[in-house]
Amino acid sequence: MIVVLKLIIALGLLNVWVIRFDKESSFRGGDSINMTEEFNTYGLPKTFMYSIGLFKVILSLFLIFSLFFGSKFDQIVYMGLVFLSFIMIGSIIMHFRVNDPLKKSVPALIILFLSIIVLLTF
């Protein structure tokens, strides 16, 4: 079950930050149509967007590698999921700051929930 959860987290993050980075989504903050506009809506700098994106892509790769190489990546995955949980909480807060409907926070809530479940297995 944890394997599936790690894959869902990793593929979900890669989908948002690699495949759909410049694409419209009904989950984007405010009236944003891409990631850059979304971070602008939140009042966050472009460097912050790229830092968060880089972290999420790297963590996704570590999650996938951990499925093949096991415990060699446990400490990195654990710390990454802790940090990701804080980022997801920040994402939820940002959606509320710009008065988004709850629906827009659902992806962050799901990733937060799945991350906590995986963290509890360590």
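Details of the structure are given in the entry above.
Residues numbered from 1 in each chain as written. Predicted model: local features only at pLDDT ≥ 70, side-chain atom pairs only at ≥ 80, totals over all residues. Heavy atoms only, no water.

(A) Highlighting the pattern of salt bridges. Under the counting rule described, the total for this entry stands at one salt bridge. With a closest N to O distance of 3.2 Å, arginine 28 and glutamate 38 form a salt bridge. Taken together, the residues span a long stretch of sequence, with arginine 28 in the loop between helix 1 (2–19) and helix 2 (35–41) and glutamate 38 in helix 2 at a distance of ten residues. When its relative accessible area of 4% is taken as the criterion, arginine 28 is described as buried. The exposure class assigned to glutamate 38 is buried, which follows from its relative accessible area of 9%. (Salt bridge = Lys/Arg side-chain N within 4 Å of Asp/Glu carboxyl O. Helix = DSSP H or I, 4+ residues; strand = E, 2+ residues; numbered from the N terminus. Buried < 20%, exposed > 50% of the residue type's maximum accessible area, 1.4 Å probe, protein only.)

(B) Summary view of a nonpolar patch on the surface. Nonpolar side chains collect at one region of the surface, where Phe27, Phe96, Leu102, Val106, Leu109 and Ile110 lie side by side and expose about 520 Å² of accessible area between them. For the nonpolar patch, the leading source of residues is helix 5 (residues 106–119), giving three residues. Relative to the helices and strands, isoleucine 110 is located in helix 5. (Patch = residues over 30% accessible without salt bridge, like charges linked within 9 Å, V, L, I, M, F, W, Y side chains within 5 Å. Areas by Shrake-Rupley, 256 points an atom, 1.4 Å probe, with all protein chains shown as cover.)

(C) Here's a closer look at the packing of helix 3 (residues 46–69) against helix 4 (residues 74–97). For the pair helix 3 and helix 4, the least separation of the axes is 10 Å and the interaxial angle reads 140°. It follows that helix 3 is oblique to helix 4 by the angle criterion. Pair helix 3 / helix 4 crosses with left-handed handedness. Along its contact with helix 3, which presents Ile52, Phe55, Lys56, Leu59, Phe62, Leu63 and Ser66, the element helix 4 presents Ile76, Val77, Gly80, Leu81, Phe83, Leu84, Ile87 and Met88. (Axes fitted to C-alpha atoms, helices over the stretch in contact; angles between N-to-C directions. Parallel < 35°, antiparallel > 145°, perpendicular 65-115°, else oblique. Left-handed = near helix turned anticlockwise from the far one by under 90°. Contact = heavy atoms within 4.5 Å.)

(D) Helix 1, seen in detail. Here helix 1 is 18 residues long and its end C-alpha atoms lie 24 Å apart, about the 26 Å a rise of 1.5 Å per residue gives. Those residues of helix 1 that sit buried are Leu5, Lys6, Ile9, Ala10, Leu13, Leu14 and Trp17. Viewed along the axis of helix 1, the buried residues span an arc of 155°, placing them on a single side of the element. Structurally, helix 1 contributes buried residues whose contacts are with helix 2, helix 3, helix 4 and helix 5. (Expected span 1.5 Å × (residues − 1). Arc of directions from axis to C-beta.)

(E) Structural view of the packing of aromatic side chains. All told, the structure shown has ten aromatic pairs when counted by the stated rule. Seen from their ring centres, phenylalanine 21 and tyrosine 50 are 6.4 Å apart, and the 20° between their planes marks the pair as stacked. Taken together, the residues phenylalanine 21 in the loop between helix 1 and helix 2 and tyrosine 50 in helix 3 connect sequence positions 29 residues apart. A centroid spacing of 5.4 Å and a plane angle of 50° characterise the contact between phenylalanine 62 and phenylalanine 73, whose relative ring orientation is tilted. A residue pair is termed long-range when its members are at least 10 positions apart, and phenylalanine 62 in helix 3 and phenylalanine 73 in the loop between helix 3 and helix 4 qualify at eleven residues. For phenylalanine 73, a relative accessible area of 16% corresponds to the buried category. Three or more aromatic residues joined by ring pairs make a cluster, and in this case those are Trp17, Phe21, Phe39, Tyr42, Phe48 and Tyr50. (Phe/Tyr/Trp six-rings, centres within 6.5 Å; stacked < 30°, edge-to-face > 60°.)

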